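Understanding the architecture of this molecule
So you can see what is in the structure, the chains are spelled out below.
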Amino acid sequence: MKLIIPMAGIGKRMRPHTLTVPKPLLPVAGKPMVQHLVEDIAATIKGEIEEIGFVIGHFGKDVEDHLLSVAKKLGAKGRIFYQEEALGTAHAVMCAAELLEGNVVVAFADTLFRGDFTVDESHEGIIWVQKVEDPRPFGVVKLDKQNIITEFVEKPQEFISDLAIIGIYYFKDGGYLKKELQYLLDNDIKEKGEYQLTNALENMKQKGTKFSVAQVTEWLDCGSKANMLNTNRRLLETKALPKQASTKLINSTIIQPCYIAEDTTIINSIVGPFVSLGSGNHIENSIISDTIIQNSCRLTNVNITDSMIGSQVQYTGRQDKLNVGDYNQQG
């Protein structure tokens, strides 16, 4: 099994955090989003993941090394591919064309999910979907009585289906997918100026490929600060978290669920619920809830909720909802 993770977007809606870190590497419930994603996909397939290809922009060596370590933790070989221009989903997948052979999963990196199912690799193709109240902003699929996809519809303004495509796909024959993607590129077939993966899927369906669906129970979006904090809450509620080691707790209370990494000091404070703290943080005389804090921050006399704070931040004496990037110092 090969896994392709397109993640070259710059994440404008998540600034200032994506000024220094690509969005899929932002932490949620103690791990980068992309790590949650590949672990969840690995849990749904029967076979081993041999290679993971990350399709990225030029994020730098530290980011690339981090991604390769994510693959290594799953026992897979990590590969880095570059998408120089944002030319659409089909183009992004083709940037990792070397991996398009045999069984392939394509998963766009801003999508997390919860679901209790195992992917049947004998199917020709499987598309992950979830029911949504308002299908108009999404690509949706229509099914027949055998749960085979009969139609792909992009952002329907009249009701066609409430099964939205969440951005994860399985293909039994990656080589066939590569051929159809190459056809789009060679013939400059675009929609709204971009090469779309759904056009290749539609062509495959018209030629007889049967796509079934894997319906998830929850689709966790990480496209904005509010959605990121909601995803953090849901993962803290539902996932088994590592034990909190090397935490120095002095006259303080932790209200679970929380994730607290190593080398954190908490003094005269109340932390939680729904707080994720990275490594090397110092929290003193503070009340913090519903917040993601990255690494090596020093927060004193703060009372914050619904907040996201980057790394190397120093903040003193604030009562607010914060959205602070790396290396910020105030107070």
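All of the points below concern the structure found in this document. It should be emphasised that the depicted structure is a prediction, and the values quoted were computed from it without experimental measurement.

Re helix 1 (residues 33-44)
End to end, helix 1 covers 17 Å across 12 residues, agreeing with the expected 16 Å (1.5 Å per residue, within 8%). For helix 1, a buried count of nine out of 12 residues is recorded, marking the element as mostly surrounded by other parts of the structure. Residues M33, V34, Q35, H36, L37, V38, D40, I41 and T44 constitute the buried set of helix 1.

Details of a nonpolar patch on the surface
Taken together, the side chains of I255, I270 and I287 present a nonpolar region at the surface, about 220 Å² in accessible area. Among the secondary structure elements, I270 is positioned in strand 18 (residues 270-271).

Digging into the pattern of salt bridges
Tallying each qualifying case throughout the model produces 15 salt bridges. The partner of K190 in a salt bridge is D188, and the shortest N-O contact between them spans 3.7 Å. By relative accessible area, which is 37% here, K190 ends up partly exposed. Assessed through its relative accessible area of 47%, D188 is described here as partly exposed.

Some thoughts on the nonpolar core
Nonpolar side chains tend toward joint burial in soluble globular proteins. In this structure, L3, I5, F54, F113, W128 and I168 are the most contacted members of the largest nonpolar core, which totals 49 residues. Top contributing element to this core by residue count: helix 1, with five residues. Setting aside its immediate chain neighbours within four residues, L3 contacts V38, I41, I49, E51, I52, G53, L99, V105 and A107. Formed by 32 residues, the second largest nonpolar core is a distinct cluster that contains V55, V93, L184 and L201.

Side note on the packing of aromatic side chains
The full count for this structure, using the stated rule, is five aromatic pairs. Geometrically, the ring pair formed by F108 and Y169 is edge-to-face, given 6.4 Å between the ring centres and 80 degrees between the ring planes. With a gap of 61 residues between them, F108 in the loop between strand 6 (104-107) and strand 7 (111-114) and Y169 in strand 11 (residues 163-171) connect regions that are remote in the sequence. The residues F108 and Y169 share a single accessibility class, namely buried. On the basis of an interplanar angle of 15 degrees and a centroid distance of 6.3 Å, the ring pair of Y169 and F171 is categorised as stacked. Neither residue differs from the other here; Y169 and F171 are each classed as buried.

Here we look at the environment of I5
Within the secondary structure, I5 sits in strand 1 (residues 2-6). Relative accessible area serves as the criterion here: at 0%, I5 is assigned to the buried category. It is 23 Å that separates the C-alpha atoms of I5 and T209, two residues lying 204 residues apart in sequence. Look past the residues within four positions of I5 in its chain and what remains in contact with it is V34, L37, V38, I52, G53, F54, V55, A107 and A109.

Topic: the sheet that holds strand 25 (residues 307-309)
Spatially, five strands are ordered 16-19-22-25-28 in an open sheet, and the strand pairing comes out parallel. Two strands close off the open sheet at either side, each with one partner strand: strand 16 (258-260) and strand 28 (323-324). Across two bridges, strand 25 lies against strand 28 in parallel orientation. Within strand 28, the residue paired with I309 across the bridge is V324.

Looking at the side chain of K2
Take K2: it is sitting in strand 1. Judged by relative accessible area, K2 falls into the buried class, the value being 8%. In this structure, K2 is in contact with E50, E51, L99, E101, N103, V104 and V105, ignoring residues within four places of it in sequence.

Observations regarding the environment of L236
Residue position: L236 is located in helix 6 (residues 225-238). Looking at L236, the relative accessible area reads 4%, which means it is buried. Each C-alpha atom, one on L236 and one on T253, is 17 Å from the other, the two residues being 17 residues apart in sequence.

Conventions and cut-offs
- Residues numbered from 1 in each chain as written.
- Predicted model: local features only at pLDDT ≥ 70, side-chain atom pairs only at ≥ 80, totals over all residues.
- Heavy atoms only, no water.
- Helix = DSSP H or I, 4+ residues; strand = E, 2+ residues; numbered from the N terminus.
- Expected span 1.5 Å × (residues − 1).
- Buried < 20%, exposed > 50% of the residue type's maximum accessible area, 1.4 Å probe, protein only.
- Patch = residues over 30% accessible without salt bridge, like charges linked within 9 Å, V, L, I, M, F, W, Y side chains within 5 Å.
- Areas by Shrake-Rupley, 256 points an atom, 1.4 Å probe, with all protein chains shown as cover.
- Salt bridge = Lys/Arg side-chain N within 4 Å of Asp/Glu carboxyl O.
- Core = buried A, V, L, I, M, F, W, Y, C linked by side-chain atoms within 4.5 Å.
- Contact = heavy atoms within 4.5 Å.
- Phe/Tyr/Trp six-rings, centres within 6.5 Å; stacked < 30°, edge-to-face > 60°.
- Pairing = 2+ DSSP bridges.

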